[in-house]
Amino acid sequence: MAIKRLIAGVGIGLALGYILRPSLQSERLTPERALKEVKKTASQAYAISGSWIHMLPETIERNQISYEVYRGGLSTTTAEGTVQYEFFVDTKTGALLDLQPA
């Protein structure tokens, strides 16, 4: 009786893992959430006055590693005026991969 329950439990676990695997692997941040993470990180060094983000992800390569990213931009206000920056943010982690003046 206990062996049957164990086998049934393992079988159910494997079936659920197989069914849920694609949704767990492809889970990514929404563009809005990714932009919020970038602004949170960049606001530690810059006074952000505006921002934007592309809604469709793209693939870039850095150091022979491919990343799925959102491309976006930030405007900052300095004593000299407004400065524009372009960024790439990882769609899965929200990590800021690149931030360069536009």
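Coordinates for the structure precede this section.
Residues numbered from 1 in each chain as written. Predicted model: local features only at pLDDT ≥ 70, side-chain atom pairs only at ≥ 80, totals over all residues. Heavy atoms only, no water.

Draft legend 1. Spatial organisation of unusual backbone geometry. Phi at Asn63 is positive, roughly 55°, even though this residue is not glycine. By secondary structure assignment, the location of Asn63 is in the loop between β2 (58–62) and β3 (65–78). By relative accessible area, which is 69% here, Asn63 ends up exposed. Its identity is not glycine, yet Gln64 carries a phi of approximately 60°, on the positive side. When you line up the elements, Gln64 lands in the loop between β2 and β3. Exposure remark for Gln64: the relative accessible area of 71% places this residue in the exposed category. (Helix = DSSP H or I, 4+ residues; strand = E, 2+ residues; numbered from the N terminus. Buried < 20%, exposed > 50% of the residue type's maximum accessible area, 1.4 Å probe, protein only.)

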